[in-house]
Amino acid sequence: MEHTAGKPDLRSFTYEELEAFLIEMGEKRFRAGQVFAWLSKGAQSFDEMTNLSKPLREKLAQTSMLSRAHIAEKYVSKIDGTVKYLIEFDDGECVETVVMRYHHGVTVCISSQVGCAMGCGFCASTIGGKKRDLLAGEILLQVILAQDDIGERISNIVMMGIGEPLDNFENVRRFLINVNDARGLNIGYRHISLSTCGLVDGIDRLAQMDIPITLSISLHAPNDEIRGRTMPVNRRYPIRELLAACRRYQAVTTRRISFEYAMIDGVNDSAADAAELARLLKGILCHVNLIPVNTVAERSYRRSSTAALKRFISVLEEAGIPATVRRTLGADISASCGQLRQKRL
Ligand code: SAH
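Here the residue index of a chain counts from 1 through its sequence in written order. Totals for whole chains, interfaces and linings use all residues, but because this is a predicted model, local features are given only for residues with pLDDT of at least 70 and pairs of side-chain atoms are given and counted only at 80 or more. Computation of side-chain values: all heavy atoms of the structure, hydrogens and water removed.

### Observations concerning the side chain of Arg 341
Okay, so step 1: By the criteria applied, helices consist of DSSP H or I runs no shorter than four residues and strands consist of E runs no shorter than two, each listed in order from the N terminus. Secondary-structure assignment places Arg 341 in the segment after β14 (323–325).
Okay, so step 2: One polar contact links Arg 341 to Glu 298, side chain to side chain, over a distance of 3.1 Å.
Okay, so step 3: Two residues form a contact once any of their heavy atoms are found within 4.5 Å. Once you skip the residues sitting within four places of it in the chain, Arg 341 turns out to touch Glu 96, Ala 124, Ile 162, Val 296 and Glu 298. Pairs of N or O atoms within 3.5 Å make up the polar contacts considered here, provided that, within protein, one atom can donate a hydrogen while the other can accept it, and that residues adjacent in sequence are counted only when both atoms are side-chain atoms.

### Notes on the UniProt feature "active site" (unreviewed entry) in the protein
Okay, so step 1: UniProt positions are given in the numbering used here, feature names are shortened, and annotations may be inferred rather than shown by experiment. The UniProt record annotates "active site" (unreviewed entry) at Glu 96 and Cys 337. These annotated residues cover 242 residues of sequence, and their C-alpha atoms lie no more than 11.6 Å from one another, placing them together at a single site.
Okay, so step 2: Relative to the assigned elements, Glu 96 resides in strand β5 (residues 94–102).
Okay, so step 3: Among the polar contacts listed, one links the side chain of Glu 96 to the side chain of Lys 84, at a separation of 3.3 Å.
Okay, so step 4: Along the chain, Cys 337 turns up in the segment after β14.
Okay, so step 5: Cys 337 has contacts with Ile 291, Asn 294 and Arg 326, leaving out every residue within four places of it along the chain.

### Observations regarding the site of the ligand
Okay, so step 1: For the ligand, the set of nearby residues contains 18 residues, the closest of which are Phe 122, Ser 195, Ser 218, His 220 and Asn 294.
Okay, so step 2: Within the backbone of Gly 163, one N or O atom sits 3.0 Å away from a nitrogen atom of the ligand.
Okay, so step 3: Between a nitrogen atom of the ligand and a side-chain N or O atom of Glu 164, the distance comes to 3.0 Å.
Okay, so step 4: Each accessible area value is a Shrake-Rupley result obtained with a 1.4 Å probe; residue values ignore everything except the protein chains displayed when judging cover. When the free accessible area of the ligand is taken as 530 Å², the share hidden by the protein chains comes to 96%.
Okay, so step 5: Each residue gets one of three labels, nonpolar for Ala, Val, Leu, Ile, Met, Phe, Trp, Tyr, Cys and Pro, charged for Asp, Glu, Lys and Arg, and polar for the others, Gly among them. Within the shell around the ligand, the residues separate by chemical class into 8 nonpolar, 8 polar and 2 charged. Near, as used in this document, describes a residue that has one of its heavy atoms within 4 Å of the molecule or strand being considered.

### Points about the UniProt feature "binding site: [4Fe-4S] cluster" (unreviewed entry) in the protein
Okay, so step 1: The UniProt record annotates "binding site: [4Fe-4S] cluster" (unreviewed entry) at Cys 116, Cys 120 and Cys 123.
Okay, so step 2: Tracing the backbone shows Cys 116 in the loop between β7 (113–115) and β8 (130–133).
Okay, so step 3: For Cys 116, the contacting residues outside a window of four places in its chain are Ser 125, Thr 126, Gly 129, Lys 130, Gly 163 and Glu 164.
Okay, so step 4: Looking at the secondary structure, you find Cys 123 in the loop between β7 and β8.
Okay, so step 5: With near-sequence residues (within four places) excluded, Cys 123 lies in contact with Arg 299 and Gly 338.

### Let's talk about the pairing of strand β12 (residues 257–263)
Each regular strand shows side chains that alternate between the opposite faces of the sheet.
Okay, so step 1: Any residue under 20% of the maximum accessible area for its type is buried, any over 50% is exposed, and the rest in between are partly exposed; the area is computed with a 1.4 Å probe on protein chains only. Burial of β12 is extensive: 7 of the 7 residues sit out of reach of the surface.
Okay, so step 2: Burial along β12 is two-sided: Ile 257, Phe 259, Tyr 261 and Met 263 facing one way and Ser 258, Glu 260 and Ala 262 facing the other are all buried.
Okay, so step 3: Strands were regarded as paired on the criterion that DSSP finds at least two bridges between them. Relative to β12, strand β11 (residues 214–218) runs parallel, the two being bridged by 3 bridges. Paired with Ser 216 across the strands is Ser 258, a residue of β12.
Okay, so step 4: Bridge analysis of β12 against strand β13 (residues 286–292) gives 7 bridges, and the strand direction is parallel. In the strand pairing of β13, Met 263 is matched with Pro 292.
Okay, so step 5: After leaving β12, the chain enters helix α10 (residues 271–281) and then returns to the sheet as β13, a path that is right-handed. Assignment of crossover handedness uses the view with strands pointing away from the viewer, where a clockwise path from the first strand over the helix to the second indicates a right-handed crossover.

### A few points about the environment of Tyr 85
Okay, so step 1: Within the element layout of this structure, Tyr 85 appears in strand β4 (residues 83–89).
Okay, so step 2: The exposure class assigned to Tyr 85 is buried, which follows from its relative accessible area of 1%.
Okay, so step 3: The spacing of Tyr 85 and Leu 145 is 60 residues in sequence and 9.4 Å in space, taken between C-alpha atoms.
Okay, so step 4: When residues no more than four places from it in sequence are discounted, the contact partners of Tyr 85 are Ile 71, Glu 73, Lys 74, Val 95, Glu 96, Thr 97, Val 99, Ala 146, Asp 149 and Ile 150.

Here you go:
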């Protein structure tokens with residue numbers, strides 16, 4: 001459990017932990033339901049919890065804290081209505097949160113860390129490294145703030161914003177449990193995707209949770225030589241180990257795995273690369289998401305041509321591997337994959 005100034009964040013407790021915490025204080029079990037409801041509604045102070053007695057609110061304030069966040073900036077895409085928020089936490093650190101509208105509902109893309117330590121060569125989030133992990137409550141607040149702001153229920157969550165979720169495992173685990181809790185936001189695990197650059201130990205821990213979320217793997221290359229050029233994590237966990245972990249994950253959860261593949265001109269987008277990728281993924285129930293690499297000012301990668309994308313897809317499909325090109329949303333507000341950054345703009 002993370003503590004700030006020695007006090008635990010109430011919003012980062014699971015329901016059962018909250019119950020135990022309150023009972024230990026001498027409170028009745030049902031109080032947990034009241035407090036959990038306030039926390040899931042985004043209460044930012046104990047005084048808002050008007051159905052609790054004043055002495056209990058004071059006791060809570062003495063023994064715990066509340067993760068807090070607000071929308072510091074908001075940008076709306078004129079192209080497709082995608083909304084990007086700069087969310088600021090109590091210590092002044094910021095992350096970005098993006099709301100996208102698809103025909104099947106409203107999706108929020110949330111961040112798990114301030115900055116990122118993974119160092120992928122094409123990504124803006126990692127420039128400047130990792131500042132800190134987000135608390136479970138701070139991850140949850142992104143969903144709550146976005147939902148309140150748009151005034152519509154958020155139906156899907158993708159953990160594809162700033163940060164590497166499996167590098168912040170314990171907080172992400174609590175967040176997943178809490179956002180899914182029927183007494184809280186009640187978002188089904190099947191409507192949640194978690195994307196990782198490939199931390200094998202984290203994938204195994206996630207498999208142990210045995211929850212039916214969608215696992216997305218940022219693969220981006222068909223072999224270690226190419227992957228090693230852009231993704232330092234590949235030195236720690238080469239592709240063979242990563243795919244073995246994916247197979248273990250699939251054996252436990254029976255879920256289709258999604259592989260993300262940023263198409264970079266001249267780096268990983270040839271027909272031979274596609275054929276090699278198809279061989280690699282053989283036998284894994286999966287889907288390949290091709291993302292024409294997004295431009296990041298500090299990076300010199302160019303996106304693949306439409307012809308290269310088509311060729312790549314047709315090679316995969318001939319090999320029986322379903323693949324689609326991810327739609328680019330929020331292009332005018334730098335809200336696309338890999339363009340999010342921790343700094344204020
Ligand atoms: N750390 C996690 C979560 C980030 S998700 C992960 O690596 O999966 C963001 C997705 O966008 C990842 O697949 C990431 O590799 C990809 N990405 C990063 N920079 C990009 C860029 N410039 N263009 C396209 N995709 C990019």
